[in-house]
Each structure stands twice: as C-alpha cells, then as structure tokens.
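Structural overview for review
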Amino acid sequence: MKVGIMQPYFFPYLGYWQLINAVDVYIVYDDVNYIKGGWISRNNILLAGEKHLITIPLEGASSFKKINEIRVTENVKARQKVLKTIEMAYRKAPYFEAGMQMFEKLIMESDTIAMLNYNAITLINKYLGIPTQIYLSSQIEKNAALSGQDKVIDINKRFGADTYYNAIGGRKLYDGDTFKHNGIQLCFLEMGAVEYMQFNREFVPNLSIIDVIMFNSVDDIKRMLQQYTLHWGG
C-alpha cells in the first residue's frame, strides 16, 4: 500500500498530481496550521508569455488557524476577477473550454480554501482518470498528540502503508531509518523535465496545473504523469 500526504495547495504544479497518481491512498492535510506566503491560496499561470501570480482572496487568514478554518472571500467580484485573469491568459489555448468549465465551478462554488483545493483534486482526478483514493486528514482517526514525522508515520500505519511517497522538497523533513523501523519505506518523487507547447513561445516551467490542462489533451497529461524519478530514503 502506497500512501501520500500533502497540504491542499491552490491548483499546484504537475508534480503534485504525479505524486497523487503514484500512490494508492492520498491524504489531504487540511487540519494543520495555515502558512502565510505559501501556496495554499496562490499559484503561477502564464500571462503574455511570462509567469504571473494569481491569488484567491481569503477572509481571516492566520497562521494561528487550521487550513480548513479559513474561508474564501464571499465577494463574488473578487472571485470573478481571478477567473477573468485565467480567461485572459488562456482563452486562445487549445483546451480552454474544458479547463475553464472546471476552474469556474471550483472557484465560484467552494466556501473554504481547504475545500476549494480538495474539490480541485477530486475534480481534476476525475478529468484525468486518476483512481487514487482521496481522504481529508480532518476526517480520519489519528493521534492528535503527535506532530511532524511521528504524525505522518501514524497516519501511514492506520492505512496499512508499506511505502510513503513525499515530494522531493520534503527530503530534509523525514528520516528514512525511522520510517524503516516502523515497517515503511520512505520515497521521494522528483518531477522530470516536462515540456509542452505554450502558444509557440519559449517554455515557462513549473506553472499551475491550470497551464498544463489548458495546453494539453488528457492523453498527453497522462503520459506526463509518468515523467518522474523516485529517490529512496533510508
């Protein structure tokens, strides 16, 4: 059983979906503290050939609150502004219609940032045919007294995991020997050098999944999901 655990980011990059696709069970870590300046409510898209940051406005965002306690703005015009930026950036992209339909539903209908990002995972998984089982951390039984690596190991055990996948950026957070002592193999996933056509211009890498969906067919994205390297810890 392969398990992955990550915070709910705002339309994250392709590597996030590579990790989801690589595991059997994926837990959305929605009941940990919100980090200001992170990627929970923002990401980069391609606008006029350059990287452009879009941010969904939040209400009462604080590092003293859990991610699932923070609401998306109730200001309809503020949400529509984000959608208009996406539309302006990608209206001439080959898969604009299918992509925009998904993104509009997600941005306009979700109440909290955790649920917006969770709903994005489930809807995009359905679009791409990713069969991974998705759970919210807040809805599963676990030892609340634990934190950090110990909590991650506890969650893995509850799902009967023999392998834990994490993004390559978290390599310094976990100790492979400790996981191995608990009967779990630690593994880090690193996205490969994925490139695709973006309006016949020089490729701009590591943008939101929004960019990937707007420019590529489902079959092409499925091939991209396999373009990664695994690094074993411990």
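Refer to the structure above for everything that follows.
Everything in this summary refers to the structure shown in the same document. Note that this is a predicted model, so its numbers are computed, not measured.

This part is about the side chain of Ser-62. Take Ser-62: it is sitting in the loop between strand E5 (58-59) and strand E6 (71-72). Since its relative accessible area comes to 17%, Ser-62 is described here as buried. In contact with Ser-62, other than residues within four places in its own chain, are Tyr-34, Lys-36 and Ile-70.

Before going further, it helps to spend a moment on the sheet that holds strand E7 (residues 133-136). An order of E7-E2-E1-E8-E9-E10 is seen for the 6 strands of this open sheet, with the pairing classed as mixed. Of all the strands in the sheet, the pair left with one neighbour each is E7 and strand E10 (228-233). In this sheet, adjacent strand axes meet at a mean angle of 25° when their direction is disregarded. Pairing of strand E1 (residues 2-6) with strand E2 (residues 25-28) involves 4 bridges; the strand directions are parallel. Bridge pairing links Met-6 to Val-28 in E2.

A few words now on the pairing of strand E4 (residues 50-55). Pairing geometry for strand E3 (residues 42-47) and E4, over 6 bridges, is antiparallel. Looking at E4, one finds that Asn-43 is bridged to Ile-54. Two successive antiparallel strands, E3 and E4, enclose a turn made up of 2 residues, where Ala-48 displays a positive phi of approximately 55°.

By size, the foremost hydrophobic cluster in this structure holds 81 residues, and its most contacted members are Phe-11, Trp-17, Tyr-26, Ile-86 and Tyr-90. Those residues in contact with Trp-17 that sit more than four places away from it in its chain are Pro-12, Ala-120, Ile-121, Ile-124, Asn-125, Leu-128, Ile-130, Ile-209 and Leu-225.

Further remarks concern the packing of aromatic side chains. In total, this model carries 13 aromatic pairs according to the counting rule given. Ring geometry for Phe-10 versus Phe-11: centroids 4.8 Å apart, planes at 75°, classification edge-to-face. Here the two residues Phe-10 and Phe-11 agree in accessibility, since each one is buried. For the pair Tyr-164 and Tyr-174, a centre-to-centre distance of 5.8 Å together with 85° between the ring planes defines the contact as edge-to-face. Taken together, the positions of Tyr-164 in strand E8 (residues 163-167) and Tyr-174 in the loop between E8 and helix H6 (176-181) put the pair 10 residues apart, joining distant regions of the chain. By the burial criterion, Tyr-164 is buried, and Tyr-174 matches it. Joined through ring pairs, the aromatic side chains of Tyr-90, Tyr-196, Phe-199, Phe-203 and Phe-215 make up one cluster. The ring of Trp-39 carries the charged tip of Arg-42 above its face, separated from the ring centre by 5.0 Å.

Conventions we followed
Note on numbering: residues in each chain are counted from 1, in written sequence order. Where local features are concerned, this predicted model is filtered to residues with pLDDT of at least 70; where side-chain atom pairs are given and counted, the filter is 80 or more; whole-chain, interface and lining totals use all residues. Note: side-chain values were computed over all heavy atoms of the structure, leaving out hydrogens and water. Helix numbers and strand numbers start at the N terminus; a helix is a DSSP run of H or I with at least 4 residues, a strand a run of E with at least 2. Only protein chains enter the area calculation, which uses a 1.4 Å probe; residues under 20% of their type maximum are buried, those over 50% are exposed, and those in between are partly exposed. In this description, contact between two residues means that some pair of their heavy atoms is separated by no more than 4.5 Å. A strand pair is defined by DSSP finding two or more bridges across the two strands. Only the stretch in contact is used when fitting a helix axis, every axis being a line fitted to C-alpha atoms; angles between N-to-C directions are given from 0 to 180 degrees. Buried residues of nine kinds, namely Ala, Val, Leu, Ile, Met, Phe, Trp, Tyr and Cys, make up a nonpolar core once their side-chain atoms join them within 4.5 Å. Geometry of aromatic contacts follows a simple scheme: Phe, Tyr and Trp rings, the Trp one being its six-membered ring, pair when their centres are within 6.5 Å, and the pair is stacked under 30 degrees between planes, edge-to-face over 60, tilted otherwise. Charge-over-ring contacts are defined here by two conditions on Lys NZ or Arg CZ: a distance within 6 Å of the ring centre and an angle within 35 degrees of the ring normal.

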